[in-house]
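The chain contents come next:
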Amino acid sequence: MKPILPMSEFSKPPRWADRFLQWYCRPELLEEIQGDAYEIYYRDLKEKKIRADGRFIWNVIRFFRWRNIRKTRLEKYSTTTTDMIKSYLISGFRNMVRNSTPSLINIIGLSIAIGIAVTVFVLEDSFYHLDSMHTRADDIALVVNHIKDGDETYKSARSPHPLAEILKNNTAVEKVARAGRTVASVRVGELVFKERFVFADPEFMEIFDFRIISGDRNTLAHKDQIIVSEAIATKYFGNTDVVGQPMSIKFSEQHKYEFTIGGVLEDTPANSSMYIDILVSAPVWVEMNKDRINDWSLLLGSNFVLKKPQAAWSALSSDLDQFRKFQNEADATRPIQKVELLPLKEVAAASWDISGSMSWSNSPASMISLILIAAILTLIACFNYMNVAVASVTTRLKEIGIRKVIGGGKREIIFQFLLENLSLCAIALCVGTLLAYYLLVPGFNQMFPVKIEFGVSSWQMAMLFFGGFLLLVAILSGAYPSFYVASFSAIKVLKGKEKFGNKSVFSKSLLTMQFALSITSIVACLMFIAASHYFERLDWGYKHDEILVVELQNSHQYEEILSQVRLSKNISATAGAMRHIGYSEETTNITYEGKEYSTKLFGVGHQYLELMNIRLKAGRLLNESIASDKIESVVVNEKFVKKMGWADAVGQSFVCDSVKRFVVGVVEDFYYDDFYNPIEPVVFSLALQENFRYMVLHASSGKLLAAEGELKSIWKKVAPDEPTAVSFQSNAFQNFVRNSKANNKIMVFVAITSIILAAMGLYGLISYNLTRRLKEFSIRRVFGASVFEVFQLMSGDYLIIVVVAFIVGAPLGAWMMNIILASLYPTVIPLAMWPYVVAISLMTLMVGLTILSLFGKITRENPTNTLRVE
Amino acid sequence: MKGNYLGELEELVLLHVGILHPDAYGVAVMDEIEKQAGRSLNISAVHSVLTRLEEKGFLKSKMGDPSQERGGRRKRIFLLTAAGKRALEEANELRTQLFNQIPKVALQFRLA
């Protein structure tokens, strides 16, 4: 007898080494090799464990020889396997051709879904990699201030002007550039337009890599020179060869400048988050604001900091603290709590939350919604594929049976079907990418002001996305059918006894899930459309149809226009305003019982509120003929009353601009900004005519267009240097309307796509089931079943599925969309019923039509033909 | 490896398989070589020689009984084949024959 060795927990060789041995060793050699290794190990163990372990590992490594290594199957059966792959592909292809309709349905469905996913990927990828084309992008940061205002904290990209001087002296900083935006009128010869400007330090062009196509890159060092973009050059001069040309610009009445074009900028590339039309040297800006430029409390432009390549951002913290101290001393009401250096690459993604950012922005909600849409559509397409693939097994039972009989194991069959699926998905990926390239991305670009180029940020990203996505879709859609097929018993299949497909609960729940997803997306999309409809019809709180607005440069213009329209039959009333509803408002703090509140302040003229049809709730409106109204009387909105907690507002008082104000009237709440922002407390007070910046005119009924024409011709006489500034009050929320129209288009597109996808999947599924049940239906018909009865038989199941899918899908869609809507709009949108009604009717209609389209097959065909076959 | 040439290590291993008959397996051969010839070999080297010899037809093998110290695994017992025995004899013969041809002087010189 051999001595029995202790087999405790401690006397085992290192697990990883043992595993490694088991992994590489040829199975037929494993027993003796592992046995020898163990024997030596246990012998060594009697001396010292470490030594035994070490020797075991050493032996395992020494055993790692070519002769002992397990050869992969591919090497072992290399010829057979490549032949098999070829055979799989050929039989897959033949099958595809034979069942061309369902295969086409699969490929088209997957292609559409993949196309949308690719588009979303390109959008998101480009959005989250904006601005990375600047060579020093990693060393650039934007100064972002967290400002406390009342109870809230907000982020601002604007900083006081002198900040740059502090930062420039820091040893870690290479350059600092300030930049700010403004709008001004440009005049070249007879052409007069409003353009967007960027004021910038000369360093701006050194920090960023925007390309100059002609002229001097250092143009901004000269106060009297500007840089224009190609688009601007073409707009005013017809070509881009404009260096040395003059351009007159009017920033305001007091600030008119004659500039020479010193350089032409390449049109802003699509991967830049900052759009630049015209660059003006910062000293011009300083000159325009010279009395307050060094005020620490004034937040002016963005500060871009370029650090030295090796320096750390933390080296700036003491300077930033000092800046914070200066600023807080200068303006205690809105102290900066924190100064953040936001890396350039993150600016675009964060801009939705930063006021005054020069980058265009997109809220995370919309970015997440896009991903959600792509995911849902992809899932629908995958379920489609699964359903059709499982149903289509019917035609391949014999093939599977024979493959099994002649030695194909489960693994081989799973491999075969997965491979087929992978190649199908690869085709769909190619088609989908083409679809995205030629149709979807250009379509998206047309709808929105931003331009997305079809491209990826890096090839690694592209590999990761396309490879990962292909694999995901292939496995998601192909795994179940392949395993399902592989589990068939060869004997049953060949004897024709295997039951499959339609009757199974799984297949039905798959279809239900697919329909539920479709309904989810349809309900969600329709709810979004219902919400924008709601806003379209929403009462603005005043009557806006017949009101015209003229934006004035100065109050003389007000008088001039007034004298010309006084006798006009087209205009029934006029009023002036310093701030105008829907166009501009002023934010100010008022003091009531020692507490400060942030409110919107509108300085308006006599009769303005009457003209705008603002509805009076209590008290009276402002009246110029009452002397006290000019100084201290105000009218507030309901929100204001609610915030103060007043029961009876009229007669109450508060302090605004260090004057005690008395409330004489309360008006109903109204929308002064677009619907994305909540209504805040509003104060109206009388403004002097010399401060008027807007003239508001009420057209006589039915004379709106005539009035506009008349005003335009008057404007030409009054201000020949200015572009027309006459607009309809109804267009006040134009941006909002344009935005929601574009969004609606996307939603309609998504809803239609998901219906089409569901319809295609259903069509494929039913056409298979129909072939299978053709005999049954024929027999029924022979025995006298009516066409209608057969139709009922066919559609009964599917209608139940639609109802179940609705019960699951509709609340899910509603819930999702409610979250998105709540993040977009402050207003609670009343629930509309029609999205649900439309969704279920659409789905039912779709099912009915799909069945009907296949129904002809049964009615046309003579039952004898179907029954005689075989 | 052309023909039935027997390498030095192969000959050594083959000899020990004969010595250990009928209990020759990897570890035993390795131990015996260390004991008799004083050469310390790695188990993997012994293994590859054994398999090579089996491929050449000098050895045949069968699986033995499982044992506790091997974690319940079986040994592969190697046995000399007729060809193996002949190869040993031939090598031995060749060696003696050659040895006998060495002039005495050379040997004496060596002894001196």
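Residues numbered from 1 in each chain as written. Chains lettered and ligands numbered in written order. Predicted model: local features only at pLDDT ≥ 70, side-chain atom pairs only at ≥ 80, totals over all residues.

J.: Go over the packing of helix 2 (residues 27-45) of chain A against helix 3 (residues 49-63) of chain A, please, and point to the residues and values.
T.: Residue and element names in this part refer to chain A. The geometry of helix 2 relative to helix 3 is characterised by a closest axis approach of 8 Å and an angle of 160° between their N-to-C directions. Comparing their axes, helix 3 and helix 2 come out roughly antiparallel. Crossing hand, helix 2 versus helix 3: right-handed. Taken together, the residues of helix 3 that come into contact with helix 2 (itself represented by I33, A37, I40, Y41, D44 and L45) are K49, R51, A52, R55, F56, N59, V60 and F63. Class assignment of the residues belonging to the contact of helix 2 with helix 3 gives a composition of nine nonpolar, one polar and four charged. (Axes fitted to C-alpha atoms, helices over the stretch in contact; angles between N-to-C directions. Helix = DSSP H or I, 4+ residues; strand = E, 2+ residues; numbered from the N terminus. Parallel < 35°, antiparallel > 145°, perpendicular 65-115°, else oblique. Left-handed = near helix turned anticlockwise from the far one by under 90°. Contact = placed C-beta atoms within 7 Å. Nonpolar A, V, L, I, M, F, W, Y, C, P; charged D, E, K, R; others polar.)

J.: Got a sec to walk through the interface of chain B and chain A? Specific residues and values, please.
T.: Counting residues at the interface gives 17 residues for chain B and 18 residues for chain A. Of all the elements in the fold, those that place two or more residues in the side of chain B that touches chain A are helix 2 (26-37), helix 3 (43-56) and strand 2 (73-80) of chain B. No other element matches helix 3 of chain B, which puts five residues into the side of chain B that touches chain A. Looking at the side of chain B that touches chain A, its residues break down into two nonpolar, nine polar and six charged.

J.: Give a description of the confidence of the model for chain B that names residues and reports values.
T.: Per-residue pLDDT for chain B averages 84, and the proportion of residues at 70 or more is 88%. This prediction of the complex comes with two scores: 0.68 for pTM and 0.85 for ipTM. (pLDDT = per-residue confidence, 0-100.)

J.: Can you explain the environment of V17(B)? Please cite residues and give values.
T.: On the secondary structure map, V17(B) appears in helix 1 (residues 8-20). Dropping the residues within four chain positions of it, V17(B) is found in contact with A24(B), V29(B), L59(B), F78(B) and L80(B).

J.: Describe the packing of helix 1 of chain B against helix 3 of chain B, and please don't skip the residues or the numbers.
T.: For any two helices packed against each other, the geometry is given by the interaxial angle and the distance between the axes. All names here are of chain B. At a closest axis distance of 10 Å, the pairing of helix 1 and helix 3 adopts a crossing angle of 85°. Relative to helix 3, helix 1 is oriented roughly perpendicular. From helix 1, L9, E10, V13 and L14 reach across to helix 3, where they touch V46, V49, L50, R52 and L53. Tallied by class, residues from the contact of helix 1 with helix 3 come to seven nonpolar, no polar and two charged.

J.: Summarise the nonpolar core; cite the residues concerned and give the values.
T.: Residue and element names in this part refer to chain A. A113, I380, I519 and A839 are the most contacted members of the largest nonpolar core, which totals 92 residues. Where this core is concerned, the elements lending two or more residues are helix 6 (100-128), helix 13 (364-392), helix 15 (410-447), helix 16 (459-486), helix 18 (505-537), helix 23 (734-782), helix 24 (787-824) and helix 25 (834-860). With 16 residues, the top contributor of residues to this core is helix 13. In this structure, this core is formed jointly by two domains, domain 2 (77-128 + 361-498) and domain 4 (501-538 + 734-870), each of which donates at least three residues. Counting 56 residues, the second largest nonpolar core, distinct from the first, contains L142, V228, V305 and I354. (Core = buried A, V, L, I, M, F, W, Y, C linked by C-beta atoms within 7 Å. Buried ≥ 20, exposed ≤ 12 C-beta atoms within 10 Å, placed from the backbone. Domains from an automatic or database assignment.)

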